[in-house]
Amino acid sequence: MWGVVPPGLSLSTIRPPYSCIDRWGNVPKIRSGLACSSLSAGTLSPMIVVVCVKQIPDPADPGALDPETRTLKRDVKLILDESDSYGVEMGLQLVDAAGEGEVRLVSMVPNSEVSGLRTALAMGAENAVLVSDEALAGSDALATAKVLAAAIRRCEPDLILTGTESSDGYTGTVPVQVAELMDLPSVTFAKEIAVADGVATVRRQTEDGYDEIECSLPAVVSVTAGVVEPRYPSFKGIMAAKNKPVDEVDLAGLGIDPSTVGWAGAGQEITDIAEAPAREAGDVIVDEGDAHERIMEFLDDLKVL
Amino acid sequence: MGFSKIWIYGEAKDGVVATTTLELLAKARALADTVEVVVHGDASPLAPDLGVHGASSVLSVGDLGEGLPGPRVASAIAAAVSTGSGPDVVLCGTTYDGRDVAGRLSAKLDAPVITNVVDLVVDGDRLLGVEPVFGGNTDVTTGFTGDGTAIFLVRPKSFAVEETGGAPATVGAIEAGDLGNTAGAVVKNRFVEESFGPKLDEASIVVSGGRGIGDADRYEMIETLAALLKGAPGASRAVVDSGWVPYSYQVGQTGKVVKPTVYLACGISGATQHLVGMKGSQNIIAINKDEEAPIFGVADLGIVGDVHKVLPKLIEALQAR
């Protein structure tokens with residue numbers, strides 16, 4: 001129903017009017033050792049899209065709270081959050097449209113987990129930066145944003161894509177927190193994105209339609225689920241993903257004090273967990289061809305017809 | 001020091017205060033002596049309604065021009081906090097712009113946000129947020145550990161709107177700082193999508209379709225039924241993610257929270273994601289092929305059957321009225 005390119009907008013290879021180095025104030029050697037080191041300095045850059053992805057417990061499995069930490073149990077197999085797959089797809093389409101560039105993944109975990117990243121790499125992302133550090137366990141949204149921002153900064157992206165919220169924590173604040181920490185504009189709830197001449201044109205979901213927003217780059221754009229069809233990884237893609245670079249970096253490598261993230265840095269605490277009042281189930285009947293009559297009676301009793 | 005002053009991020013459209021803002025006011029004024037609302041643009045037209053609902057002042061951050069609210073509103077609140085004239089607590093609705101404001105403010109103040117809040121409770125001199133998890137079968141209560149500004153993102157429809165009969169709110173202003181690159185997003189055009197009947201979150205009857213509808217074309221059945229009942233059509237996340245209908249149709253954790261008189265769930269299994277958004281409905285009717293579907297656990301009337309058989313007959317019966 002919706003594509004990446006709004007009608008009437010032409011796409012062309014992005015030609016930022018600045019070099020990729022001084023734009024971020026970084027020098028190339030800082031980037032060495034990270035996945036984002038493939039850019040050659042001083043030339044017009046191809047389009048670099050960073051997509052933030054989260055590896056989460058499978059939402060199809062019943063979740064449970066860890067009795068000690070009182071947060072979601074994560075010591076299970078982690079998968080790519082489906083709501084991030086739309087950002088990956090959007091990024092791949094934008095890079096295709098630009099003609100040159102790549103999608104780089106940025107993610108964080110406490111335990112070196114990469115299975116979810118491999119899914120996104122199999123879709124077509126080129127490489128990943130994985131911030132992995134035991135001290136990250138228990139990080140709240142703001143701490144997560146600080147870590148992601150530090151990792152993203154070193155990727156020197158033209159555009160940063162995220163989901164609107166994760167499917168396990170669903171705070172929905174990380175994209176904007178990242179933007180604020182990086183002094184960048186942000187557009188949340190994007191349903192379409194086009195990039196031309198260093199400007200992103202974004203259709204942003206609103207209560208009763210959408211706004212068309214122009215945004216200078218770099219920028220953070222959160223992508224609404226369902227607006228593109230995430231591609232299924234091909235067999236070739238899955239094989240290729242096994243050899244794509246995933247550069248693991250710890251907090252020290254990013255210059256982040258471990259006491260500011262994870263349990264140590266959390267600015268909030270759970271004070272109570274209680275069973276919510278249950279809603280009583282009513283009558284359940286099997287349709288014998290007359291169920292619509294029961295519904296009509298029910299509606300009549302409520303006097304809503 | 002507790003919380004004597006609460007600020008609410010106030011949203012309005014065409015000079016009319018958003019329901020979510022009035023809901024937050026109803027709760028805030030029961031918690032603190034001073035409740036003020038931060039808005040953008042001309043605050044005067046909003047002052048009477050905000051006052052009637054319990055706000056003592058309305059503070060404008062100025063005109064946004066083409067800009068988005070997030071950067072300017074967050075900057076102005078943060079500036080007030082830094083000079084000591086800011087609030088103890090900031091409440092934002094979980095809306096498109098409310099999340100932007102809360103997220104930016106959080107980063108500016110280096111203060112976390114407690115999100116998805118459906119209730120606020122007092123615990124000594126601090127305020128705690130209650131968040132439903134696992135489809136609403138568990139309530140998690142969370143508080144801040146520091147003494148910084150407490151930011152809460154509160155879900156719409158968490159509190160009932162209530163008038164106090166107060167005088168119009170005093171109109172004031174607060175200044176944003178330099179927005180730097182954060183002001184780089186500008187609105188060029190606004191488009192209103194064609195829609196009929198009542199809004200999803202205001203309708204007294206909501207008819208929602210899920211994956212059990214089968215395919216995109218058959219969603220029309222849901223719209224027909226909604227129109228006949230003078231209600232609004234809704235959808236599960238599965239249907240929205242499949243691209244059958246726009247995101248604005250989505251009921252659930254990631255979509256809208258609805259509390260209509262009647263909620264009719266058609267071909268919806270009742271994933272926790274969905275239940276959170278509709279469990280508060282006064283009456284729930286569910287039609288699903290699978291008798292084990294969790295939706296039947298919350299339904300007042302459950303029909304184990306095929307939506308493609310039940311709905312056409314229901315539509316016919318309604319048309320005959």
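Residues numbered from 1 in each chain as written. Chains lettered and ligands numbered in written order. Predicted model: local features only at pLDDT ≥ 70, side-chain atom pairs only at ≥ 80, totals over all residues. Heavy atoms only, no water.

### Comments concerning helix α5 (residues 220-228) of chain B
Residues and elements named next belong to chain B.
Phase 1 of the analysis: The complete set of buried residues in α5 reads Met221, Ile222, Leu225 and Ala226. With its buried residues spanning 135° around the axis, α5 presents them on a single face. What points out from α5, more than 90 degrees from its buried face, is the exposed set Glu220 and Ala227.
Phase 2 of the analysis: Looking at the buried side of α5, the elements it contacts are β14 (205-209), β15 (232-235), β16 (262-266) and α8 (307-319).
Phase 3 of the analysis: The first or second residue beyond α5 is Lys230, which carries a positive phi of 55°. (Buried < 20%, exposed > 50% of the residue type's maximum accessible area, 1.4 Å probe, protein only. Helix = DSSP H or I, 4+ residues; strand = E, 2+ residues; numbered from the N terminus. Arc of directions from axis to C-beta. Contact = heavy atoms within 4.5 Å.)

### Describing the packing of aromatic side chains
Phase 1 of the analysis: One pass over the full model with this rule turns up five aromatic pairs over all chains.
Phase 2 of the analysis: Here the aromatic rings of Phe189 of chain A and Tyr96 of chain B are separated by 4.7 Å at their centres, their planes lie at 90°, and the arrangement is edge-to-face. On the criterion of chain membership, the pair formed by Phe189 of chain A in strand β7 (residues 186-196) and Tyr96 of chain B in helix α4 (residues 96-109) is interchain, its members lying in two chains.
Phase 3 of the analysis: Relative accessible area serves as the criterion here: at 3%, Phe189 of chain A is assigned to the buried category.
Phase 4 of the analysis: Considering the side-chain rings of Tyr210 of chain A and Phe191 of chain B, the 4.7 Å spacing of their centres and the 25° angle between planes classify their relative orientation as stacked. Of this pair, Tyr210 of chain A sits in strand β9 (residues 209-216) while Phe191 of chain B is found in strand β13 (residues 185-192), placing the two residues in two different chains.
Phase 5 of the analysis: Assessed through its relative accessible area of 11%, Tyr210 of chain A is described here as buried.
Phase 6 of the analysis: Phe191 of chain B sits in the partly exposed class, given a relative accessible area of 30%. (Phe/Tyr/Trp six-rings, centres within 6.5 Å; stacked < 30°, edge-to-face > 60°.)

### Concerning helix α5 (residues 174-181) of chain A
Residue and element names in this part refer to chain A.
Phase 1 of the analysis: The element α5 is extensively covered by neighbouring structure, given that seven of its eight residues are classed as buried.
Phase 2 of the analysis: For α5, the full list of buried residues reads Val174, Pro175, Val176, Gln177, Val178, Ala179 and Glu180.
Phase 3 of the analysis: At the C-terminal side of α5, Asp183 shows a positive phi close to 55°.

### Quick word on a nonpolar patch on the surface
Residues and elements named next belong to chain A.
Phase 1 of the analysis: Side chains of Phe235, Ile238 and Met239 sit close together on the surface and give an oily, nonpolar patch of about 320 Å² of accessible area.
Phase 2 of the analysis: Among the secondary structure elements, Ile238 is positioned in helix α6 (residues 235-241).
Phase 3 of the analysis: With a relative accessible area of 38%, Ile238 lands in the partly exposed category. (Patch = residues over 30% accessible without salt bridge, like charges linked within 9 Å, V, L, I, M, F, W, Y side chains within 5 Å. Areas by Shrake-Rupley, 256 points an atom, 1.4 Å probe, with all protein chains shown as cover. Salt bridge = Lys/Arg side-chain N within 4 Å of Asp/Glu carboxyl O.)

### With respect to the pairing of strand β7 (residues 113-117) of chain B
It is a general feature of regular strands that their side chains alternate between the two faces of the sheet.
All names here are of chain B.
Phase 1 of the analysis: Across the five residues of β7, five count as buried, placing the element largely inside the fold.
Phase 2 of the analysis: Alignment of β7 against strand β11 (residues 150-154), held across three bridges, turns out to be parallel. Paired with Val113 across the bridge in β11 is Ile151. (Pairing = 2+ DSSP bridges.)

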